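Remarks on the overall topology
If you want the building blocks of each chain, they are given just below.
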Amino acid sequence: MILAYWEIRGIAHPIRLLLEYTGTPYKELLYNYEKCSDYDKNEWFKDRYTLGLDFPNLPYLIDGNTKITQSNAILRYIGRKHKMCGDTEEEKVRVDILESQAMDFRMQLVRVCHDPNFENLRLNYLQQLPKTLQLFSHFLGTRRWFAGKKMTFVDFSMYDILDLNCKFLPACLDLFPNLQEFLTRFEGLKKISAYMNSPRYLPKPVFLKMAKWGTQ
């Protein structure tokens, strides 16, 4: 199995975490955008139409004859392989909802961090952040994981975006102990902890160099 993405954290972070947690053997191919000032001469630009991808994009996953782009599609594919898409109908519905909601949450931060008007948008984002986190806190409730008792692939997306917001505003979860406990519980998983302490772990930079935050 091959996972390819830019040499940053980005939207591949939850995929890497899920592969590590499931013990899936994989090779990671990292494209370095920073070394090439001309996008058209970048290594990814040279490869993108030679791989047989239906919709050439990063990240991509190649598993034998299966070739997938779109980060959520990749996460769901790995999740299906390991029965991490929910067991009951209620769990499956919660996974479906959170898959999209987590991406919406992520894209709010992505847009702020890539906008020339970053400082003004940042203030507005931070003002709205407690309301957004309250919704996720209520959705999690007293559950161990977001779908229920068992982990699903959306827990990896939620860990990523909650952790990013903690880096954006370190005190943002102070009023949401269940979300704090979720992060602690996730990081305490044996395989996750081992990965986070390995040289392969890539927590930063979060974004490519054109962003206004998260490039270091």
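Because the structure is predicted, anything quoted here is derived from the model rather than measured.

1. Quick word on the overall build of the protein
From N to C terminus, the protein includes 8 helices and 4 strands. Here the C-alpha atoms of the protein give a radius of gyration of 17 Å, agreeing with the 17 Å that 2.2 N^0.38 yields for 216 residues. By its C-alpha atoms, the protein is 50 × 45 × 30 Å across when sized along the principal axes. The proportion of buried residues among the 216 residues of the protein is 50%. Contacts in the protein between residues at least 24 apart in sequence constitute 66% of all its contacts with a sequence separation of at least 6. Per element, the accessible surface of the protein, about 11400 Å² overall, is 52% carbon and sulfur. The centroid of the 30 positive side-chain charges in the protein is displaced by 3 Å from the centroid of its 25 negative side-chain charges.

2. Description of the nonpolar core
Judged by nonpolar contacts, the single largest core of 59 residues is most densely connected at Leu-133, Met-158, Leu-162, Phe-182 and Phe-186. Listed by contribution, the elements that provide at least two residues to this core are helix H1 (13-21), helix H3 (71-81), helix H4 (89-113), helix H5 (118-140), helix H6 (154-168), helix H7 (177-187) and helix H8 (190-196). Taken domain by domain, this core gets at least three of its residues from each of domain 1 (2-82) and domain 2 (89-189). Sequence-distant contacts of Leu-133, that is, excluding residues within four places in its chain, are made with Phe-105, Leu-162, Cys-172, Leu-173, Phe-176 and Leu-179. By size, the runner-up hydrophobic cluster in this structure holds 14 residues, among which are Trp-6, Tyr-31, Trp-44 and Ile-62.

3. Things to note about unusual backbone geometry
The omega torsion across Leu-58 and Pro-59 is 0°, close enough to zero to call that bond cis. Mapped onto the secondary structure, Pro-59 falls in the loop between helix H2 (43-47) and strand S3 (60-63). Cis geometry marks the peptide bond from Lys-204 to Pro-205, where omega comes out at 0°. Positive phi values are uncommon outside glycine, yet Lys-83 reaches one of about 55°. Residue placement: Lys-83 occurs in the loop between H3 and H4. Classification of Lys-83 as exposed rests on a relative accessible area of 70%.

4. So, the pattern of salt bridges
Counted according to the given criterion, the structure contains 10 salt bridges. Note that Asp-87 is salt-bridged to Lys-150, the shortest N-O span being 2.8 Å. A residue pair is termed long-range when its members are at least 10 positions apart, and Asp-87 in the loop between H3 and H4 and Lys-150 in the loop between H5 and H6 qualify at 63 residues. You can call Asp-87 partly exposed: its relative accessible area is 43%. A relative accessible area of 45% places Lys-150 in the partly exposed class.

5. Comments concerning the sheet that holds S3
One open sheet accounts for 4 strands, arranged S2-S1-S3-S4; its pairing is mixed. Across the chains shown, the open sheet's two edge strands, defined by having one partner strand only, are strand S2 (27-31) and strand S4 (66-69). Taken pair by pair, the neighbouring strands of this sheet meet at an average axis angle of 15°, ignoring direction. Bridge count for S3 against S4 is 4 bridges, and the pairing is antiparallel. Its bridge partner lying in S4, Asp-63 is registered against Thr-66. The strands touched by H1 are strand S1 (2-6) and S2; relative to S1, the strand with the most contacts, the crossing angle is about 155°. Running at roughly 135° to S4, H3 makes contact with S3 and S4 of the sheet.

Rules used throughout
Positions within a chain are numbered from 1, following the residues in the order the chain's sequence is written. Given that the model is predicted, a residue must reach a pLDDT of at least 70 before its local features are reported, and side-chain atom pairs must reach 80 or more before they are shown or counted; all residues, however, enter totals for whole chains, interfaces and linings. Computation of side-chain values: all heavy atoms of the structure, hydrogens and water removed. Put simply, DSSP H or I for four residues or longer makes a helix, DSSP E for two residues or longer makes a strand, and each gets a number counted from the N terminus. Each radius of gyration is computed over the set of C-alpha atoms, and the globule rule expresses the reference value as 2.2 Å times the number of residues to the power 0.38. The rule is simple: take the accessible area with a 1.4 Å probe, protein chains only, and divide by the maximum for that residue type; under 20% is buried, over 50% is exposed, in between is partly exposed. In this analysis, two residues are considered to be in contact whenever any of their non-hydrogen atoms come within 4.5 Å of each other. Working definition of accessibility: Shrake-Rupley area with a 1.4 Å probe, residue cover restricted to the visible protein chains. His is not counted, nor are the chain ends, whereas Lys and Arg count as positive and Asp and Glu as negative. Every charge is mapped onto a representative atom, which is NZ of Lys, CZ of Arg, CG of Asp or CD of Glu. Throughout this description, the term nonpolar core refers to a set of buried Ala, Val, Leu, Ile, Met, Phe, Trp, Tyr and Cys residues connected via side-chain atoms within 4.5 Å. Note: domain ranges come from an automatic or database domain assignment. When a carboxyl oxygen of Asp or Glu lies within 4 Å of a side-chain nitrogen of Lys or Arg, that pair is called a salt bridge. Only strands joined by at least two bridges in the DSSP assignment are considered to pair. The convention used is that axes are lines fitted to C-alpha atoms, helices contributing only their stretch in contact, and that angles between N-to-C directions extend from 0 to 180 degrees.

It is worth stressing that arrangement in space is one thing and function is another; only the former is reported here.
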